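Read off the chains here:
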Amino acid sequence: CELLVLRGVTNETDAKKFFRPQLSDLYDPFLLNDMDKAVNRLNKAMGSKEKILIYGDYDVDGTTAVALVYKFLQNFYSGLDCYIPDRYDEGYGISIKGIDYAEENGFSLIIALDCGIKAIEKVEYAKSKGIDFIICDHHVPDKELPGAVAVLDPKRDDSTYPYQHLSGCGVGFKFMQAFAISNNLSIKEYLFPLLDLMAVSIASDIVPITDENRILAFHGLKQLNSNPSNGLKAIIDLCGLKNKDITTSDIVFKIGPRINASGRVQSGKEAVDLLISKD
């Protein structure tokens, strides 16, 4: 009881939630500011067969976020591609090179994950080329937000979301959850199987494992242990974790660093290719 109280758990209901996290207790994704705008723009893009570029940072949170959104949308749409900036050539976040790539290849919508909250000039540059942005980030914004179609970030000053510590992948997850709700798609069938990526993101990005993150991490670890995606399974085998009970520490010290290494040694895109691999 003392340990629970130290963690802010002070009644029976909260204790039950702490020990038995339920996916049914996930918050309504439409509580995130701009979520309706983000979903409407994505629906419009898919309805009019626009090409969509899923853009993310080269670390574990960014690459798992890109993989999760790509794998989810791939069930319903084919006009998708992924883009991870080069750490040494382009640096962190949205790059001019990335926007030029989108223009040259006919993309009219970019979904930015785990980055973009401060990319005010880059978003304007994209606009001048007829490219819209939906930003899904979890970093603290400046006073001015980018002029994107939608800015999803639980750390916005005007945030109406009940929990502010989501990972970048977590914000992407909430976006896909909202998209599924708006289109009457089965979240259990299409989104929950991707929770292994959520667990890797939450542990590796060292966000607090409390509240909604605790639910996502708990069920994500279950997925990682029982039925991981091909890419994660390959890393698990490589780490010598096969047939072992994988813990949060295993992600932080064994799985996460191997995904991170991709963006440091060569290209973060290779980590995404691995995570979305079907065989």
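For the structure, check the block above.
This is a predicted model, so every value here is computed, not measured.

Analysis parameters
- Residues numbered from 1 in each chain as written.
- Predicted model: local features only at pLDDT ≥ 70, side-chain atom pairs only at ≥ 80, totals over all residues.
- Heavy atoms only, no water.
- Axes fitted to C-alpha atoms, helices over the stretch in contact; angles between N-to-C directions.
- Helix = DSSP H or I, 4+ residues; strand = E, 2+ residues; numbered from the N terminus.
- Parallel < 35°, antiparallel > 145°, perpendicular 65-115°, else oblique.
- Left-handed = near helix turned anticlockwise from the far one by under 90°.
- Contact = heavy atoms within 4.5 Å.
- Pairing = 2+ DSSP bridges.
- Buried < 20%, exposed > 50% of the residue type's maximum accessible area, 1.4 Å probe, protein only.
- Right-handed = clockwise from strand over helix to strand, strands pointing away.
- Salt bridge = Lys/Arg side-chain N within 4 Å of Asp/Glu carboxyl O.
- Core = buried A, V, L, I, M, F, W, Y, C linked by side-chain atoms within 4.5 Å.
- Phe/Tyr/Trp six-rings, centres within 6.5 Å; stacked < 30°, edge-to-face > 60°.
- Lys NZ or Arg CZ within 6 Å of the ring centre and 35° of its normal.

Moving on: the packing of helix H5 (residues 96-104) against helix H6 (residues 120-128). Think of two packed helices as two axes; the pair is described by the angle between the axes and how far apart they sit. Contact geometry of H5 with H6 gives a least axis separation of 10 Å together with a crossing angle of 20 degrees. Looking at the two axes, H5 sits roughly parallel to H6. The chirality of how H5 crosses H6 is right-handed. The residues of H6 that touch H5, namely those facing Ile 96, Ile 99 and Asp 100, are Lys 122, Tyr 125 and Ala 126.

Now for the sheet that holds strand E5 (residues 150-152). The strand order across the open sheet formed by five strands is E2-E1-E3-E4-E5, and the pairing between neighbours is parallel. Two strands bound the open sheet, and with one partner strand each, they are strand E2 (80-83) and E5. Neighbour to neighbour, the strand axes of the sheet diverge by 20 degrees on average, direction disregarded. In the sheet, strand E1 (residues 51-56) pairs with strand E3 (residues 107-113) via six bridges, with the strands oriented parallel. By the bridge assignment, Ile 54 is partnered in E3 with Ile 111. Taken strand by strand, helix H4 (residues 60-74) contacts E1, E2 and E3, and its axis lies near 155 degrees from that of E1.

Most of strand E4 (residues 132-136) is tucked away, with four of its five residues classed as buried. Taking the sense of rotation as the criterion, the β-α-β connection linking E3, H6 and E4 turns out right-handed. Sheet topology note: the E4/E5 ladder contains three bridges and is parallel. In the strand pairing of E5, Ile 135 is matched with Val 151.

As a further point, take the pattern of salt bridges. Counting across every chain of the model gives 15 salt bridges. In this structure, the salt-bridge partner of Asp 157 is Lys 143, at a minimum N-O distance of 3.9 Å. One end of the pair, Asp 157, is in the loop between E5 and helix H7 (168-182); the other, Lys 143, is in the loop between E4 and E5, with 14 residues separating them in the sequence. Take Asp 157: its relative accessible area is 68%, and that puts it in the exposed class. Notably, a salt bridge pairs Asp 250 with Lys 254, separated by 3.7 Å at the nearest N-O pair. Here Asp 250 pairs with Lys 254, and both are found in helix H12 (residues 248-265), just four residues apart, close to one helical turn. For Asp 250, a relative accessible area of 12% corresponds to the buried category.

To continue, consider the nonpolar core. Leu 42, Leu 68, Leu 73, Phe 175 and Ile 255 are the most contacted members of the largest nonpolar core, which has 72 residues in total. Here this core takes nine residues from H4, the largest share from any one element. Apart from the residues lying within four places of it in its own chain, the contact partners of Phe 175 are Met 35, Ala 38, Val 39, Leu 42, Ile 111, Ile 134, Cys 136 and Leu 152. By size, the runner-up hydrophobic cluster in this structure holds 19 residues, among which are Ala 102, Ala 112, Val 123 and Ile 131.

Right, let's get into the packing of aromatic side chains. Overall, the coordinates contain nine aromatic pairs when judged by the stated rule. Taken together, a centroid distance of 5.3 Å and an interplanar angle of 90 degrees make the contact between Phe 18 and Phe 19 edge-to-face. Exposure remark for Phe 18: the relative accessible area of 18% places this residue in the buried category. Between Phe 72 and Phe 179, the aromatic rings sit 6.2 Å apart at their centres with planes inclined by 85 degrees, giving edge-to-face as the arrangement. Of this pair, Phe 72 sits in helix H4 while Phe 179 is found in helix H7, placing the two residues 107 residues apart along the sequence. Ring pairing ties together the aromatic residues Tyr 55, Tyr 83, Tyr 101 and Phe 107, which thus form one cluster. Of note, Lys 51 hangs over the ring of Phe 107, and the distance from its end group to the ring centre comes to 4.6 Å. Over the ring of Phe 18 we find Arg 214, and its NZ or CZ is 3.7 Å from the ring centre.

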